[in-house]
Amino acid sequence: MSDKQTRVAFLGLGIMGAPMAANLARAGFEVVAWNRTAEKAETLAASHEGVTVADSPAAAAAAGTVISMVPDSPEVEAVLLGDGGAVEGLPEGGLAIDMSTIAPSASRSIADGLSEKGIAFLDAPVTGSRPKAEDGTLTIMAGGPESAFERARPLFDAMGQLVVHAGPQGHGSMVKLINNTLAAVNAAALAEGLALARAAGLDTDRALEVVASGSGNSAMVALKAGPMLSGDLEPLFKLEHMLKDVRHCLAEARALGAGLSLAESAERLYTEAAEKGLGGSDFAAVIEAVDRPARARSRNSP
Ligand code: NAP
């Protein structure tokens, strides 16, 4: 790697970004951190050697390589292409890597905006929530030119375990949307099953023991049944972000003429939970949208 590529700007230090940036610092990269709420960047710098704070994405981008990890395409566009955005500080030949989950069409349009300035771009979203971000075992799926992927590989290896070059621009984003829609549908089905188990008066621990050892098992059973039953909805992955991903996936499917009836049902449930004020809770809160009839029934029972 050249000197420049040992430095990397990290924009967006939320649930995922902060531990990912910390792993880059632990791996020996000089991390130039920027976050909309500056205290989070200062906290990261105070607790990790090799992290410094920049006062704008443009200032951070002098590092030559930029990673963004913010909610959706308007925020990615703002931090990369907006006023004071990374594009103002990236040198020609620089590299921008967006690891947020956004629409593939947005990834391609951002790539076009950057390529006009001679800057390479990868859409490289991740799967795995905060625990995997913390221990550097995320799965990373990248779309974009092979040469950019090879340049980014040392950074990816510091944050992830499985690193896949999914294909051309936008394919990382598309794989990610399909993955999350599968997870969203699966978690919604789990929530319905648990609500039914409660309505039937089952011992849910025993029911889950059976499900976990049989054909009803899934990653969602392992990760989300506990929070759904305990009501501990501290966000590892916010419900509003899951809803965003399902909506992006449905929009892509509609544009391609593909039917996603299960995803449409899931979207209704996540929307209902978000409308109850649970958008900032973990997406396990989808149970609040399916459990209502069960609770109504138990209130009416003698
Ligand atoms: P988060 O905790 O809500 O953090 C969002 C980050 O974006 C914060 O740093 C926030 O800054 C920043 N931000 C929000 N609006 C902004 C704006 N208008 N301009 C600039 N910065 C802005 O979200 P997260 O869970 O880390 O998720 C980030 C991305 O990763 C999303 O696309 C999500 O879908 C995806 N993802 C999340 C998970 C997960 O399990 N959490 C897993 C895989 C992928 P402030 O600190 O100022 O609010």
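Values in this document were obtained by computation on a predicted structure and should not be read as measured data.

Helix and strand counts for the protein come out as 14 helices and nine strands. Expected size for 302 residues packed as a compact globule is a radius of gyration near 19 Å; at 21 Å, the protein falls within 12% of this value. Its C-alpha atoms give the protein principal-axis dimensions of about 70 × 45 × 35 Å. Among the 302 residues that make up the protein, the fraction classed as buried is 50%. A sequence separation of at least 24 residues applies to 67% of the contacts in the protein between residues at least 6 apart. For the protein, the separation between the mean place of its 25 positive charges and that of its 37 negative charges on side chains is 6 Å.

Turning to the site of the ligand, a few remarks are in order. Taken together, 26 residues form the shell around the ligand, and within it Asn35, Thr37, Lys40, Ser129 and Lys238 come nearest. The contact in question runs from an oxygen atom of the ligand to an N or O atom on the backbone of isoleucine 15, over 2.9 Å. At a separation of 2.9 Å, an oxygen atom of the ligand approaches a polar side-chain atom of arginine 36. Compared with its free state, where it exposes 910 Å², the ligand has 89% of that area covered by protein. Mapping the ligand onto the cavity grids shows that it belongs to the largest pocket. For the shell around the ligand, the secondary structure elements donating two or more residues are α4 (73-81) and α11 (239-256). Broken down by class, the residue content of the shell around the ligand amounts to 11 nonpolar, nine polar and six charged. Residue contributions to the shell around the ligand reach at least three from each of two domains, namely domain 1 (3-167) and domain 2 (175-300).

The next thing to look at is the domain arrangement of the protein. For the protein, the assigned domains read domain 1 (3-167) and domain 2 (175-300). Relative to domain 2, the C-alpha centre of domain 1 lies at a distance of 30 Å. Of the residues lining the interface, 16 residues belong to domain 1; the matching set on domain 2 comes to 14 residues. With both sides pooled, the region where domain 1 packs onto domain 2 buries about 1,200 Å², and carbon together with sulfur makes up 63% of that total.

We now examine α4. Residues of α4 that are buried include every one of Ser73, Val76, Val79 and Leu80, and no others. Projection of α4 onto a plane perpendicular to its axis shows the buried side chains occupying an angular sector of 135 degrees, all on one side.

Turning to the pattern of salt bridges, a few remarks are in order. On inspection of all chains with the given rule, the structure shows nine salt bridges. One salt bridge connects arginine 153 with aspartate 157, and the closest N-O pair in it is separated by 3.6 Å. Within this pair, arginine 153 and its partner aspartate 157 are both found in helix α7 (residues 146-159), separated by four residues, close to a single helical turn. The exposure class assigned to arginine 153 is partly exposed, which follows from its relative accessible area of 28%. The salt bridge involving glutamate 267 is made with arginine 247; its shortest N-O contact spans 3.1 Å. One end of the pair, glutamate 267, is in helix α12 (residues 261-278); the other, arginine 247, is in helix α11, and 20 residues separate them in sequence. Taking the relative accessible area as the measure of exposure, arginine 247 reaches 38% and is therefore partly exposed.

Here the focus is the layout of surface pockets. Looking at the largest pocket, its volume works out to about 1,200 Å³. Every element with two or more residues in the lining of the largest pocket is listed here: α4, β7 (126-127), α6 (130-135), α8 (171-199), α10 (219-230) and α11. Of the residues assigned to the lining of the largest pocket, the class counts are 20 nonpolar, 14 polar and 10 charged. Split by domain, the lining of the largest pocket shows at least three residues from each of two domains, domain 1 (3-167) and domain 2 (175-300).

Moving on: the packing of helix α9 (residues 204-212) against α10. Running from N to C, α9 and α10 point in directions that differ by 170 degrees, and their axes come no closer than 12 Å. Between α9 and α10, the angle falls in the class roughly antiparallel. Contact with α9, carried on its side by Thr204, Leu208, Val211 and Ala212, involves Val221, Ala225 and Leu229 of α10 and no other residues of that element. Across the contact of α9 with α10, the residue classes tally to six nonpolar, one polar and no charged.

By the element assignment, proline 19 lies in helix α1 (residues 17-26). With 123 residues separating them along the chain, proline 19 and alanine 142 place their C-alpha atoms 19 Å apart. Excluding anything up to four places from it in sequence, proline 19 contacts Gly14, Arg130, Ala133 and Glu134.

We now examine the pairing of strand β2 (residues 30-34). In terms of burial, β2 is a largely internal element, four of the five residues being buried. Two elements, strand β1 (residues 7-11) and β2, share five bridges in a ladder whose sense is parallel. Bridging across to β2, valine 8 finds its partner in valine 31. In this fold, the crossover linking β1 to β2 by way of α1 has right-handed handedness. With three bridges joining them, β2 and strand β3 (residues 51-53) adopt parallel strand pairing. Opposite valine 32, over in β3, you have threonine 52 as the bridge partner. As a crossover connection, the stretch from β2 through helix α2 (residues 38-47) into β3 is right-handed.

Scoring rules and cut-offs
- Residues numbered from 1 in each chain as written.
- Predicted model: local features only at pLDDT ≥ 70, side-chain atom pairs only at ≥ 80, totals over all residues.
- Heavy atoms only, no water.
- Helix = DSSP H or I, 4+ residues; strand = E, 2+ residues; numbered from the N terminus.
- Rg over C-alpha atoms; globule rule 2.2 N^0.38 Å.
- Buried < 20%, exposed > 50% of the residue type's maximum accessible area, 1.4 Å probe, protein only.
- Contact = heavy atoms within 4.5 Å.
- Lys, Arg positive; Asp, Glu negative; His and termini not counted.
- Charge placed at Lys NZ, Arg CZ, Asp CG, Glu CD.
- Near = heavy atom within 4 Å.
- Polar contact = N/O pair within 3.5 Å; in protein donor to acceptor, adjacent residues only side chain to side chain.
- Areas by Shrake-Rupley, 256 points an atom, 1.4 Å probe, with all protein chains shown as cover.
- 1 Å grid on protein atoms, 1.4 Å probe; cavity = no way out; pocket = protein on both sides within 12 Å on 5 of 7 lines; lining within 4 Å.
- Sits in = over half its atoms within 2 Å of the grid points.
- Nonpolar A, V, L, I, M, F, W, Y, C, P; charged D, E, K, R; others polar.
- Domains from an automatic or database assignment.
- Buried area = accessible area lost by both parts, 1.4 Å probe.
- Arc of directions from axis to C-beta.
- Salt bridge = Lys/Arg side-chain N within 4 Å of Asp/Glu carboxyl O.
- Points joined across faces, edges and corners; volume = space filled by probe spheres on them.
- Axes fitted to C-alpha atoms, helices over the stretch in contact; angles between N-to-C directions.
- Parallel < 35°, antiparallel > 145°, perpendicular 65-115°, else oblique.
- Pairing = 2+ DSSP bridges.
- Right-handed = clockwise from strand over helix to strand, strands pointing away.

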